[in-house]
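Each chain is listed here by its residues.
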Amino acid sequence: MTRFQALALSALIALLSACATPSGPQREAASPTQPARAPSGNLPKVDWSAERARITRTLSGASDLSVITRSDGYLQLLIPGAEAFARDGVEPRPSLKATLDRIATALNETQGTEILVIGHTDAAGSELHNMQLSIRRAESVVEYLRVRGIALTRLQADGRGETEPFADNGIEAGRAKNRRVEMIVRPFAR
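A quick note: this is a predicted structure, and the numbers were derived from the prediction, not measured.

Calculation notes
- Residues numbered from 1 in each chain as written.
- Predicted model: local features only at pLDDT ≥ 70, side-chain atom pairs only at ≥ 80, totals over all residues.
- Heavy atoms only, no water.
- Helix = DSSP H or I, 4+ residues; strand = E, 2+ residues; numbered from the N terminus.
- Buried < 20%, exposed > 50% of the residue type's maximum accessible area, 1.4 Å probe, protein only.
- Areas by Shrake-Rupley, 256 points an atom, 1.4 Å probe, with all protein chains shown as cover.
- Pairing = 2+ DSSP bridges.
- Axes fitted to C-alpha atoms, helices over the stretch in contact; angles between N-to-C directions.
- Contact = heavy atoms within 4.5 Å.
- Phe/Tyr/Trp six-rings, centres within 6.5 Å; stacked < 30°, edge-to-face > 60°.
- Lys NZ or Arg CZ within 6 Å of the ring centre and 35° of its normal.
- pLDDT = per-residue confidence, 0-100.
- Polar contact = N/O pair within 3.5 Å; in protein donor to acceptor, adjacent residues only side chain to side chain.
- Expected span 1.5 Å × (residues − 1).
- 1 Å grid on protein atoms, 1.4 Å probe; cavity = no way out; pocket = protein on both sides within 12 Å on 5 of 7 lines; lining within 4 Å.
- Points joined across faces, edges and corners; volume = space filled by probe spheres on them.
- Nonpolar A, V, L, I, M, F, W, Y, C, P; charged D, E, K, R; others polar.
- Core = buried A, V, L, I, M, F, W, Y, C linked by side-chain atoms within 4.5 Å.
- Salt bridge = Lys/Arg side-chain N within 4 Å of Asp/Glu carboxyl O.

Colleague: Account for the overall build of the protein, naming residues and giving values.
Modeller: What the protein contains, in helices and strands, is five helices and five strands. When its helices and strands are written in sequence order, the protein yields α-α-β-β-α-β-α-β-α-β. Among the 190 residues that make up the protein, the fraction classed as buried is 42%. Within the structure as shown, the protein displays about 9,600 Å² of accessible surface, and the carbon and sulfur contribution to it stands at 56%.

The structure is reproduced here in structure tokens:
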């Protein structure tokens, strides 16, 4: 790799990292296993066990969404994305909008939780393109949920591109499974 190529790659990585939704001055950065600190203000204390059960009851049973309790106790909402967006598009299609409307209704009931939206793509195209696409899709979902009444201080967007496949990217059925949106729902740390 030439020096120019190394510099160009470094610049692209810096640009890509700037595309992710910032945590903002009110919150610490959070990871899927570590919640962010609650934004300043008086959020009600959340009975996470009861809230997790309520969200699970409200959203379970639909074919367009899987609700999983992770080993860390947080909820993971898996939304198949094969038909959720147009090819290389970031605007949610009507079927995804209907799913997001149900999610927004369920998550608007309690203000003491945060939602990390993670976009995933298949491996068609370049890694850089897929990473950028997954971030833009996650940001689009965050904006959709914000417009539906979920406070932006509760929402974060991230993209994983093609780095976390569920299935074989070598076949179309596998690529379709890999295109998805995940949401991690958890209480704010106090």
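Colleague: Mind laying out the sheet that holds strand S4 (residues 155-159), listing which residues take part and the relevant values?
Modeller: Judged by pairing direction, the sheet is mixed, and its five strands sit side by side in the order S1-S2-S5-S3-S4 without closing on themselves. Sheet topology places strand S1 (66-69) and S4 at the edges, where each strand pairs with a single neighbour. Taken over all neighbouring pairs, the strand axes of this sheet differ in orientation by 20° on average, direction set aside. In this structure, strand S3 (residues 113-120) lies alongside S4, joined through five bridges in parallel fashion. Residue Val117 lies in a different strand from S4, and its bridge partner there is Ala157. Most of the contacts of helix H3 (residues 94-107) go to strand S2 (residues 75-80), to which it runs at about 165°, and overall it touches S2, S3 and strand S5 (180-187). Helix-sheet contacts for helix H4 (residues 127-147) involve S3, S4 and S5, and the interaxial angle to S4 is about 160°.

Colleague: For the packing of aromatic side chains, give the residues involved together with the corresponding values.
Modeller: This model, assessed by the stated rule, comprises zero aromatic pairs. Positioned above the aromatic ring of Phe166, the side-chain terminus of Arg180 is 3.8 Å from the ring centre. Between Arg186 and the ring centre of Tyr74, over which it is positioned, the NZ or CZ distance is 5.9 Å.

Colleague: A description of the confidence of the model for the protein should follow, citing residues and the corresponding values.
Modeller: Across the protein, the average pLDDT comes to 85, with 76% of residues at 70 or higher. Overall, residues 21-29 carries pLDDT values under 50, and its contacts beyond four positions in sequence, including any with other chains, amount to 19 contacts.

Colleague: Now, about the side chain of Arg160: what can you tell me, with residues and values included?
Modeller: Note on placement: Arg160 falls in the loop between S4 and helix H5 (172-178). Owing to a relative accessible area of 15%, Arg160 belongs among the buried residues under this scheme. For Arg160, the side chain forms a polar contact with the side chain of Glu164, separated by 3.2 Å.

Colleague: Outline H4, supporting the account with residue identities and numerical values.
Modeller: The end-to-end C-alpha distance of H4 is 30 Å, a good match for the 30 Å that 21 residues give at a rise of 1.5 Å each. With its phi angle positive at about 105°, Gly149 sits one or two positions after the end of H4.

Colleague: Account for empty space enclosed by the protein, with residues named and values stated.
Modeller: For the structure on display, the rule yields one cavity of 30 Å³ or more. Approximately 30 Å³ is the volume found for the largest cavity. Around the largest cavity, the lining residues are Gly81, Phe85, His120, Arg137, Arg179, Arg180 and Val181. A class-by-class count of the residues in the lining of the largest cavity yields two nonpolar, two polar and three charged.

Colleague: Which residues make up the nonpolar core, and what are the values?
Modeller: Residues Leu100, Ile103, Val117, Val141, Leu145 and Met183 are the most contacted members of the largest nonpolar core, which totals 34 residues. The set of elements that each furnish at least two residues to this core consists of helix H2 (48-59), S2, H3, S3, H4, S4 and S5. For this core, the element with the highest residue contribution is H3, accounting for six residues. Beyond its immediate sequence surroundings of up to four residues, Met183 is in contact with Leu75, Gln76, Leu77, Ile79, Leu100, Ile103, Ile115, Leu116, Val117, Val141 and Leu145.

Colleague: Just give me the short version of the pattern of salt bridges, but keep the residues and values in it.
Modeller: Across all of its chains, the model carries 15 salt bridges by this definition. Across the pair Arg93 and Glu83 runs a salt bridge, and its minimum N-O distance is 3.4 Å. One end of the pair, Arg93, is in the loop between S2 and H3; the other, Glu83, is in the loop between S2 and H3, and ten residues separate them in sequence. Judged by its relative accessible area of 32%, Arg93 is partly exposed. Where Arg148 meets Asp101, a salt bridge forms, and the shortest distance between an N and an O atom there is 3.1 Å.

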